[in-house]
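Residues per chain are reported as follows:
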Amino acid sequence: MSSGANTPESQLESVLPVHPTAVRRASPIVVQSEHTSYTNDHIISKFTNRGADVTIVEGQYIVTPTAKPYEFQTARKVAKTGLMMVGWGGNNGSTLSATILANRHNIVWRTKSGVQQPNYIGSLLRASTVRLGADPSTGKDVYVPISDVLPMVHPNDLVLGGWDISGARLDEAMKRAQVLDWDLQRQVMPHMAALGSPLPSIYYPDFIAANQEARADNVVPGTDKQAHLEHLRADIRKFKETHGLDRVVVFWTANTERYSDIIPGVNDTADNLLNAIKASHSEVSPSTLFAVAAILEGEPFVNGAPQNTFVPGVIELAERLQSFIGGDDLKSGQTKLKSVFAEFLVNAGIKPLSIASYNHLGNNDGHNLSAEPQFKSKEISKSSVVDDMVSANALLFKPSAVGAPAGSKEAKGEHPDHIVVIKYVPAVGDSKRAIDEYYSEIFCGGRSTINIFNECEDSLLATPLILDLTILTELLTRVKYRDASAGKDFKPLYPILSLLSYMLKAPLVKPGTDVVNSLNRQRNALETFLKACIGLEGSSDLLLETRIW
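This structure is a prediction, so every number in the text was calculated from the model and none was measured.

A.B. asks: Can you help me understand the sheet that holds strand β16 (residues 431-441) in this one?
C.D. replies: Working definition: the strands of a sheet are paired by backbone hydrogen bonds and lie parallel or antiparallel to each other. Ordered in space as β15-β14-β16-β17, the four strands form an open sheet in which the pairing is mixed. Two strands lie at the open edges of the sheet, namely β15 (417-424) and β17 (447-457), each paired on one side alone. Going from strand to strand, the sheet's axes swing by 10° on average, the running direction of each strand aside. Two strands pair when backbone bridges link them, and strand β14 (residues 351-361) and β16 are joined in this way by nine bridges, in the antiparallel orientation. Bridge assignment links Ile 355 to a residue of β16, and that residue is Tyr 438. Set on the sheet, helix α9 (residues 334-347) makes contact with β14, β15, β16 and β17; between it and β16 the angle comes to about 15°. Relative to the sheet, helix α14 (residues 458-477) contacts β14, β16 and β17, its axis offset from that of β17 by approximately 85°.

A.B. asks: It is not clear to me how the domain arrangement of the protein should be interpreted in this structure. Could you clarify?
C.D. replies: Interfaces are often described in size by the accessible area the parts lose on coming together. By domain assignment, the protein separates into domain 1 (81-117 + 153-329 + 461-517) and domain 2 (334-456). For domain 1 versus domain 2, the distance between C-alpha centres works out to 27 Å.

A.B. asks: Whenever I open this one, the pattern of salt bridges confuses me. Can you help?
C.D. replies: With the rule as written, the count across this model stands at 23 salt bridges. Residues Arg 131 and Asp 141 are paired through a salt bridge, measuring 2.9 Å at the closest nitrogen-oxygen approach. Pair noted here: Arg 131 is in strand β7 (residues 129-134) and Asp 141 is in strand β8 (residues 141-145), with a separation of ten residues, a long-range link. Residue Asp 141 is classed as partly exposed on the basis of its relative accessible area, which comes to 36%.

A.B. asks: Just checking my understanding: could you explain the packing of aromatic side chains for this structure?
C.D. replies: We describe a pair of aromatic rings using the distance from one ring centre to the other and the angle between the two ring planes. Applying the stated criterion across every chain yields a total of eight aromatic pairs. Measuring from ring centre to ring centre gives 6.3 Å for Tyr 70 and Tyr 481, while their planes differ by 55°; the resulting arrangement is tilted. In this pair, Tyr 70 is assigned in strand β3 (residues 60-75) and Tyr 481 in strand β18 (residues 479-483), connecting sequence segments 411 residues apart. Ring geometry for Trp 163 against Phe 290: centres 4.9 Å apart, planes inclined by 70°, an arrangement best described as edge-to-face. Here Trp 163 is found in strand β9 (residues 159-164), whereas its partner Phe 290 is found in helix α7 (residues 286-296), with 127 residues between them in sequence. When its relative accessible area of 0% is taken as the criterion, Trp 163 is described as buried. Ring pairing ties together the aromatic residues Phe 47, Phe 72 and Phe 529, which thus form one cluster. Just above the ring of Phe 207 sits the side chain of Arg 258; from NZ or CZ to the centre is 4.1 Å. Between Lys 510 and the ring centre of Tyr 494, over which it is positioned, the NZ or CZ distance is 5.1 Å.

Cut-offs used in this document
Counting of residues starts from 1 at the beginning of each chain's written sequence and follows it residue by residue. Residue-level local features of this predicted model are given only where pLDDT is at least 70; pairs of side-chain atoms are given and counted only at 80 or more, and the full residue set underlies all totals for whole chains, interfaces and linings. Heavy atoms from the whole structure form the basis of all side-chain values; hydrogens and water molecules are not counted. The rule for pairing is simple: two strands pair if DSSP sees at least two bridges between them. To qualify as a helix, a DSSP run of H or I must reach at least 4 residues; to qualify as a strand, a run of E must reach at least 2; elements of each kind are numbered from the N terminus. Axis geometry follows a simple rule: fit a line to the C-alpha atoms, using only the stretch in contact for helices, then measure angles between N-to-C directions, giving values from 0 to 180 degrees. Here a residue-residue contact requires only that any non-hydrogen atoms of the pair lie within 4.5 Å. As annotated, the domain borders come from an automatic or database domain assignment. Every case where a carboxyl oxygen of Asp or Glu lies within 4 Å of a side-chain nitrogen of Lys or Arg is listed as a salt bridge. Whether a residue is buried, partly exposed or exposed follows from its accessible area with a 1.4 Å probe, protein chains only, as a fraction of its type maximum: under 20%, in between, or over 50%, in that order. Between rings of Phe, Tyr and Trp, where Trp is taken as its six-membered ring, a pair exists when centres lie within 6.5 Å; planes separated by under 30 degrees are stacked, by over 60 edge-to-face, and by other angles tilted. Charge-over-ring placement is defined geometrically: NZ (Lys) or CZ (Arg) within 6 Å of the ring centre, and within 35 degrees of the ring normal.

Rendered as structure tokens:
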């Protein structure tokens with residue numbers, strides 16, 4: 001059997017055309033409107049942010065509509081972008097690299113079901129569409145891929161790199177992961193080998209499960225965290241310079257860490273955190289160190305795992321340096337479904353009494369999560385997903401009591417009983433099983449039980465999310481705004497990129513603002529923002545013209 005070394009291009013290449021999700025489309029959207037203008041460098045749009053102020057006086061709701069004008073300025077030139085993954089040699093990192101290479105070289109492979117072509121199915125940006133409007137001649141809706149609304153990086157163009165505590169070369173890491181069909185692995189192997197091995201990473205055994213120690217053969221030596229920080233910064237600079245990049249997105253797709261303790265004087269402010277790094281304090285985690293390195297280098301950092309990487313000091317540092325951050329925890333399967341299904345129940349006037357979620361999986365993520373401290377991080381991330389949907393309906397759930405002690409049941413308000421169980425079962429590998437039971441109250445004391453069984457290939461769901469988060473992050477670094485009524489200069493968006501929420505279980509948001517977990521609201525917010533940047537109003541399902549004479 002060929003090793004693949006003599007097939008740098010697929011033996012089946014050109015048998016099938018490039019998949020629609022991977023096609024490059026040169027014709028941009030052009031908006032002809034007084035709200036939109038174009039220069040060689042920028043798209044400039046006008047947008048009115050409409051809302052309402054509500055006060056309650058003696059039980060009566062007093063509503064005052066509000067409208068505030070803004071202007072957006074989006075740089076049209078897409079940055080040459082590098083993606084540096086922490087955990088590059090893991091299941092997600094190796095799968096992402098191999099599938100980008102397969103798409104880049106249009107490598108077609110055989111499975112037991114027939115010929116398979118590479119694609120970007122599962123990517124919100126590349127494989128879903130948005131409604132632009134209607135064709136006036138037919139009245140039919142016109143949809144375009146989300147990736148066509150504004151200039152965005154094509155995934156095939158990402159320059160790949162990163163770190164891993166395992167020094168296995170990328171082709172070996174792909175084989176170890178056992179995610180992709182062997183015929184694809186065989187053909188993509190020489191391309192993966194050309195990527196080389198990951199850079200040495202940071203390994204503090206206290207933060208990940210002890211069962212990961214056997215993989216840790218590629219670590220930055222010593223215990224001096226300040227030296228480690230400078231090492232990471234130098235890695236980012238060298239990667240950027242070597243490849244002639246305009247932008248580097250640093251992405252944590254490594255093992256889930258335990259939660260860090262928030263300690264006054266250590267990680268509660270930016271200055272305290274920087275001093276704690278100099279002192280090599282034990283509560284500075286590897287992920288926090290990577291985040292600080294990216295922030296200090298002016299490059300975005302995205303956390304794809306559930307731990308509290310973004311301690312208060314990291315957020316303050318990002319604000320101070322106006323450097324972008326986003327997280328936490330990739331939302332790929334069970335939690336994404338839960339955010340839809342729980343909302344469906346509550347919006348239908350049905351009261352969920354309990355939600356019980358069980359998973360088992362056999363990949364290295366499952367192995368790491370078999371340790372209690374790391375599982376706790378994941379449990380916290382998964383458990384908060386229904387909070388905003390429950391709090392939105394005081395008819396079904398008693399709201400939080402004013403003045404109740406912090407942390408008490410009364411302070412949180414009434415919630416469904418919600419448990420999450422994750423078990424490590426090596427035999428199933430990357431094929432995760434998830435079982436959910438929704439037990440609800442219905443009309444006049446009745447009960448309803450709905451069970452859902454979901455089997456999915458974990459890394460093949462997660463990989464497109466990493467691409468979406470990276471591409472959106474790069475785009476958001478090119479968007480500036482200004483208050484149109486103030487006439488000031490354009491400035492960057494707020495550093496916490498909450499517009500990434502659709503892909504994340506526990507979205508990081510601006511301090512003092514509410515977290516939105518509703519998948520529909522998250523997607524609508526992103527769609528509305530992208531349209532606002534080209535001078536269009538958000539989605540309207542009113543379809544008024546179909547409801548009047």
